[in-house]
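# Architecture and fold: a report
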Amino acid sequence: MPVRSGPVGDPNRELLGLARSIAVEAAELAAKRRAEGVTVAASKSSAEDIVTFADREVEAFIRSSLLAARPNDGFLGEESTESASAGTSGLTWVVDPIDGTVNYLYGIPAYNVSIAVVEGEADPETWHALAGCVVNPAIGEVFTATDARGAFLGDTALHVNPASDLSQALVATGFAYSAEVRARQGLVLSKLLPQVRDIRRIGAAALDLCYVAAGRYDAYFERGLKPWDHAAGALIAREAGAHVGGFDGSPVTADFGLAAEPVLAARLEAIVADLFREAGL
Ligand code: IPD
Ligand code: CA
């Protein structure tokens, strides 16, 4: 996989180098376990919301690697929320060991390891993301970004697509694990689909955000994102020129997250906000 650790002179170059090297190794471990055969360890919020033994193993690897390198930093990981730690350095690592777990289970090559480091606590409403890395080992892609220094796929700088009419926009989204929420999301999509070029649902939020950064989608929105789903990907999309936020200028929250070129983002947000209200979301 391409190697890159941030531009010379970047104050967050070292943090990115660490995030990148651990994410690449963790992604190789995930891919190895995938090749050996994946087993579901448990279900979480619903029967569809699963965790595999590999999710846990990969998170443990990432956590111990970070602890060895930076013992004073905080940590929040999807599979160990009960033992999240605040740290004393003022920096917190936010980790999804395998984003796109259902794709991982089925062997669909669209899953990733996502690692971000933020200034502040593990709260997307207040944190300031410094560096992020998203690695999809199935196709060997490494997305990176550091604060105010741009976003990259390997060594190639990323830029969002220019503004387009909504009717020409390829829009990605995701669905909740709750059947009741999904029914409402279906109502939103039935009204949105006739107004856009088409809809994509790849099943990995961090890749959705990176794909906006790379111009593979024009926009992405989702209700129900967790901090680890978007910590790295949101920085990558923002550094590629996207507006990334929730409703009405707020940061991304569990209620809503949207990423797109800023003019398109405003157009889409206005429509989606109305559709969410109508659907009771
Ligand atoms: C999920 C995926 C999915 C998104 C969900 C996430 P997981 O993460 O990113 O695309 O729709 O909101 O929870 O469970 O695969 O790590
Ligand atoms: Ca996950």
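In the block above lies the structure referred to throughout.
Here is a short report on the structure shown in this document. (Residues numbered from 1 in each chain as written. Chains lettered and ligands numbered in written order. Predicted model: local features only at pLDDT ≥ 70, side-chain atom pairs only at ≥ 80, totals over all residues. Heavy atoms only, no water.)

### Some points on the coordination of the calcium ion (ligand 2)
For the calcium ion (ligand 2), the full set of protein donor atoms is Glu 78 (OE), Asp 96 (OD), Asp 96 (OD) and Ile 98 (O), and the range of their distances to it is 2.1 to 3.0 Å. Ordering the donors of the calcium ion (ligand 2) by residue number gives the pattern E-x17-D-x1-I. Taken together, the residues Glu 78 in the loop between β3 (74–77) and β4 (91–99) and Asp 96 in strand β4 connect sequence positions 18 residues apart. Asp 96 matches Glu 78 in its accessibility class, with the two residues each being buried. (Donors = N, O, S within 2.8 Å, 3.2 Å for Na, K, Ca; no water. Helix = DSSP H or I, 4+ residues; strand = E, 2+ residues; numbered from the N terminus. Buried < 20%, exposed > 50% of the residue type's maximum accessible area, 1.4 Å probe, protein only.)

### What to know about the pairing of strand β5 (residues 112–119)
Most of β5 sits out of view: 7 of its 8 residues are buried. For β5 and strand β6 (residues 128–136), the ladder comprises 7 bridges, and the chain directions are antiparallel. For Ala 116, the partnering residue across the bridge sits in β6 and is Gly 132. (Pairing = 2+ DSSP bridges.)

### Topic: the pattern of salt bridges
Scanning the model with the defined rule gives 9 salt bridges in all. In this structure, the salt-bridge partner of Glu 180 is Arg 184, at a minimum N-O distance of 2.7 Å. Of this pair, Glu 180 and Arg 184 both sit in helix α4 (residues 179–192), 4 residues apart, which is roughly one turn of that helix. For Arg 184, a relative accessible area of 28% puts it in the partly exposed group. One salt bridge connects Glu 278 with Lys 191, and the closest N-O pair in it is separated by 3.2 Å. (Salt bridge = Lys/Arg side-chain N within 4 Å of Asp/Glu carboxyl O.)

### A few points about the packing of aromatic side chains
Tallying each qualifying case throughout the model produces 8 aromatic pairs. Ring geometry for Tyr 104 against Tyr 111: centres 4.8 Å apart, planes inclined by 75°, an arrangement best described as edge-to-face. Here Tyr 104 and Tyr 111 have matching classes, each one buried. Taking 5.7 Å as the distance between ring centres and 85° as the angle between the ring planes, the aromatic pair formed by Phe 247 and Phe 276 counts as edge-to-face. Of this pair, Phe 247 sits in the loop between β13 (243–245) and β14 (257–260) while Phe 276 sits in helix α7 (residues 262–279); the two residues are 29 residues apart in sequence, bridging distant segments of the chain. Given the relative accessible area of 5%, Phe 276 is considered buried. Here a set of aromatic residues connected by ring pairs shows up, and it is made of Phe 221, Phe 247, Phe 256 and Phe 276. Over the face of the ring belonging to Tyr 211 we find Arg 216, whose NZ or CZ atom lies 4.8 Å from the ring centre. (Phe/Tyr/Trp six-rings, centres within 6.5 Å; stacked < 30°, edge-to-face > 60°. Lys NZ or Arg CZ within 6 Å of the ring centre and 35° of its normal.)

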